[in-house]
Structure formats: C-alpha cells, structure tokens
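Letter by letter, the chains look like this.
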Amino acid sequence: NGGTACPILSEDGSCNTAGCPVDCVVSTWGSWGTCSVICGGGTRSRSRTITTAPQNGGTACPTLSDNGSCNTAGCPSTCTDGQQNGDE
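Residues numbered from 1 in each chain as written. Predicted model: local features only at pLDDT ≥ 70, side-chain atom pairs only at ≥ 80, totals over all residues. Heavy atoms only, no water.

Trainee: Would you explain the overall build of the protein chain in this entry?
Mentor: Counting its regular elements, the protein chain contains 0 helices and 4 strands. Along the protein chain, helices and strands appear, N-terminal first, in the series β-β-β-β. For the protein chain, the proportion of contacts with a sequence separation of at least 24, taken over those separated by at least 6, is 59%. (Helix = DSSP H or I, 4+ residues; strand = E, 2+ residues; numbered from the N terminus. Contact = heavy atoms within 4.5 Å.)

Trainee: I keep staring at unusual backbone geometry and nothing clicks. Help me out?
Mentor: As a rule of thumb, non-glycine residues mostly have phi less than zero, and peptide bonds are mostly trans rather than cis. In this model, Asn-56 sits at a positive phi of 55°, which is unusual for a non-glycine residue. With respect to the helices and strands, Asn-56 occurs in the loop between strand E3 (50-52) and strand E4 (65-70).

Trainee: I would appreciate a short explanation of the side chain of Arg-48 in the present structure.
Mentor: Topologically, Arg-48 is positioned in the loop between strand E2 (42-47) and E3. In this structure, Arg-48 is buried with no salt-bridge partner, the nearest side chain bearing the opposite charge being Asp-66 at 8.1 Å. At 3.0 Å, the side chain of Arg-48 and the backbone oxygen of Thr-63 are in polar contact. If near-sequence neighbours (up to four positions away) are discounted, Arg-48 is found in contact with Val-26, Ser-27, Thr-28, Trp-29, Pro-62, Thr-63 and Leu-64. (Buried < 20%, exposed > 50% of the residue type's maximum accessible area, 1.4 Å probe, protein only. Lys, Arg positive; Asp, Glu negative; His and termini not counted. Salt bridge = Lys/Arg side-chain N within 4 Å of Asp/Glu carboxyl O. Polar contact = N/O pair within 3.5 Å; in protein donor to acceptor, adjacent residues only side chain to side chain.)

Trainee: Could you clarify how one ought to interpret the environment of Cys-61 in this entry?
Mentor: One can find Cys-61 in the loop between E3 and E4. Given the relative accessible area of 26%, Cys-61 is considered partly exposed. Considered as a pair, Cys-61 and Ile-50 are 11 residues apart in the sequence and their alpha carbons are 7.5 Å apart. Not counting chain neighbours up to four residues away, the residues in contact with Cys-61 comprise Cys-24, Ile-50 and Pro-54.

Trainee: I keep staring at the pattern of salt bridges and nothing clicks. Help me out?
Mentor: In a structure, side chains of opposite charge can pair up when their charged atoms sit close to one another. Taken as a whole and judged by the stated rule, the model has 1 salt bridge. Two residues, Arg-46 and Asp-66, come together in a salt bridge whose shortest N-O distance is 3.0 Å. Of the two residues, Arg-46 sits in strand E2 while Asp-66 sits in strand E4, which places them 20 residues apart along the sequence.

Trainee: Explain the environment of Gly-30 here, please?
Mentor: Tracing the backbone through its elements, the reader meets Gly-30 in the loop between strand E1 (25-26) and E2. Separated by 35 residues in the primary sequence, Gly-30 and Ser-65 have C-alpha atoms spaced 9.5 Å apart. Not counting residues within four places of it along the chain, the set of residues in contact with Gly-30 comprises Arg-46 and Ser-47.

Trainee: When you look at the environment of Thr-72 in this model, what are you seeing that I'm missing?
Mentor: Relative to the assigned elements, Thr-72 resides in the segment after E4. In this structure the C-alpha to C-alpha distance between Thr-72 and Thr-43, which are 29 residues apart in sequence, comes to 9.2 Å.

Trainee: What is the right way to read the state of the cysteines from this model?
Mentor: Disulfide: a covalent bond connecting the sulfur atoms of a pair of cysteines. Scanning the entire structure with this criterion turns up 3 disulfides. The disulfide partner of Cys-24 is Cys-61, and the S-S distance across this bridge is 1.9 Å. What sets the handedness of the Cys-24 and Cys-61 disulfide is the S-S torsion sign, and at about 95° it is right-handed. A residue pair is termed long-range when its members are at least 10 positions apart, and Cys-24 in the segment before E1 and Cys-61 in the loop between E3 and E4 qualify at 37 residues. Looking at Cys-24, the relative accessible area reads 13%, which means it is buried. Linked covalently through their sulfurs, Cys-39 and Cys-75 form a disulfide whose S-S length is 1.9 Å. For the disulfide bridge between Cys-39 and Cys-75, the dihedral angle about the S-S bond is near 105°, and by the sign convention the bridge is right-handed. On the criterion of sequence distance, the pair formed by Cys-39 in the loop between E1 and E2 and Cys-75 in the segment after E4 is long-range, its members being 36 residues apart. Judged by its relative accessible area of 42%, Cys-75 falls in the partly exposed class. The connectivity of the disulfide bonds within the protein chain can be written as 1-4, 2-5, 3-6, using the sequence rank of each bonded cysteine. (Disulfide = S-S within 2.5 Å.)

As structure tokens, then:
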C-alpha cells in the first residue's frame with residue numbers, strides 16, 4: 001500500500017532491580033550461664049546469634065543477649081561462733 005511504517009508500540013526495560021528486603025533471623029536462645037553468686041541474688045546471661053543478617057531495608061535484628069536474676073534466696077546467716085544456722 002505504500003503507507004508509512006507504524007511506530008514502535010512497545011518497549012522493554014529493566015524495572016524493580018533493587019533487591020527484596022530480607023528480615024533478620026536469629027537463633028534460639030542458648031542456655032543460661034552460671035549465676036554470679038550462690039545465694040542472695042545474682043545475675044546470669046544467655047545469648048543468641050544472627051543466622052540471617054538484614055538486607056535491603058529488612059527488619060533489624062532484635063537484642064542478642066539477655067540477663068536474668070538467679071539464686072534469689074537469702075544466704076544462710078552465720079552465728080557468732082562461726083557456724084552457719086543449721087550446722088550442728
């Protein structure tokens with residue numbers, strides 16, 4: 001027919017090239033450590049590790065260490081003769 005060629009009706013291009021957000025993932029809590037004292041109230045700690053670090057704006061990691069109370073019972077009192085209560 002001799003008409004003019006049609007213009008390009010579509011075009012390809014890159015989009016959404018940024019990485020997807022990856023949220024932090026941490027391990028389960030480890031065992032509690034040894035108490036700082038045997039009586040009278042002490043502290044102990046436990047920890048966990050990062051198994052997947054956050055990326056591309058993902059949720060930040062929660063705290064990786066925790067402290068707690070332990071051995072909160074009072075210590076036995078010592079008598080004037082140096083014996084602990086209950087010693088015979």
